[in-house]
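Architecture and fold: a report
In case you want the letters, here they are:
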Amino acid sequence: MGTATTTAQRLKIIRGDLSQAEFAKRLGVHQNTLGRYERGVTEPDTGIARALCTIFGIEPRWLLLGEGVMRSQEYASDDLATDIRAALSETALEQELAALRREATDLRKETQELRQEHKELRQENRELNLTVRRLLQENGDLRVAMVETRAISPPSPGQTRDA
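Figured I'd write up the structure that's included with this text. (Residues numbered from 1 in each chain as written. Predicted model: local features only at pLDDT ≥ 70, side-chain atom pairs only at ≥ 80, totals over all residues. Heavy atoms only, no water.)

Some words on the packing of aromatic side chains
Our working rule: Any pair of Phe, Tyr and Trp rings, taking the six-membered ring for Trp, is counted once the centres come within 6.5 Å. Such a pair is stacked with planes under 30 degrees apart, edge-to-face with planes over 60 apart, and tilted for the rest. Numbering of helices and strands runs from the N terminus, with a helix taken as a DSSP run of H or I at least four residues long and a strand as a DSSP run of E at least two residues long. Each residue gets one of three labels from its accessible area relative to the maximum for its type: buried under 20%, exposed over 50%, partly exposed in between, using a 1.4 Å probe on protein chains only.
Here the structure, examined in full by the defined rule, presents one aromatic pair. Taken together, a centroid distance of 5.1 Å and an interplanar angle of 40° make the contact between Phe-23 and Phe-56 tilted. Here Phe-23, found in helix H2 (residues 20–27), pairs with Phe-56, found in helix H4 (residues 46–56); they are 33 residues apart in sequence, far enough to count as distant. Judged by relative accessible area, which is 4%, Phe-56 ranks as buried.

What follows is the structure in structure tokens.
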């Protein structure tokens, strides 16, 4: 390939028979983003360029400038192995995603349990506060009654008023 090809054209060449959706998925970008790259509206950043070189065995010089060979010798002889590694990598990511989803479900369940416990503790706290208020009121009433009783009845012989 000469330098007459654009980055957009080189991306389409790399994609080959893969659908835009599958190619975008392998690169970790949204399909619309890939479409903008392929139409030449925007240029891929270095992360995408690195992914193209790593995943598809593309030579950086060819990708950026359109010069030299498209694929490294190692990739050219090992296309199938690389595709298998990519598929296994996707499987590992899917398994990790499933594990994260299970963990999120567990965390949601734990959060619900903690909320319920918090709600029960708040209710218990309200009940205890009511009991404390009632006891304080009772205590106050008893003190008043005691003072009134002392004021009405004279002290018995041998008893002082302070007792």
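Overview of the packing of H2 against H4
Packed helices, taken two at a time, are described by the angle their axes make and the gap between the axes. Test applied: Throughout, an axis means a line fitted to C-alpha atoms (over the contacting stretch in the case of helices), and angles, computed between N-to-C directions, take values from 0 to 180 degrees. The scheme is simple: roughly parallel for angles under 35 degrees, roughly antiparallel for over 145, roughly perpendicular for 65 to 115, oblique for anything else. In what follows, residue pairs with any heavy atoms lying within 4.5 Å of each other are defined as contacts. Each residue is assigned to one of three groups, with Ala, Val, Leu, Ile, Met, Phe, Trp, Tyr, Cys and Pro labelled nonpolar, Asp, Glu, Lys and Arg labelled charged, and all others, Gly among them, labelled polar.
Packing of H2 against H4 brings their axes to within 10 Å, and their N-to-C directions diverge by 100°. It follows that H2 is roughly perpendicular to H4 by the angle criterion. In this structure, H2 uses Phe-23, Arg-26 and Leu-27 to contact H4, whose residues at the interface are Ile-48, Ala-51, Leu-52, Ile-55 and Phe-56. Class assignment of the residues belonging to the contact of H2 with H4 gives a composition of seven nonpolar, no polar and one charged.

Digging into the packing of helix H1 (residues 7–15) against helix H3 (residues 31–39)
Relative to each other, H1 and H3 sit at 125°, their axes nearing to 6 Å. With respect to H3, the element H1 is oriented oblique. Taking contact as the criterion, the partners of Ala-8, Leu-11, Lys-12 and Arg-15 in H1 are, on H3, Leu-34, Tyr-37, Glu-38 and Arg-39. By residue class, the composition of the contact of H1 with H3 is four nonpolar, no polar and four charged.

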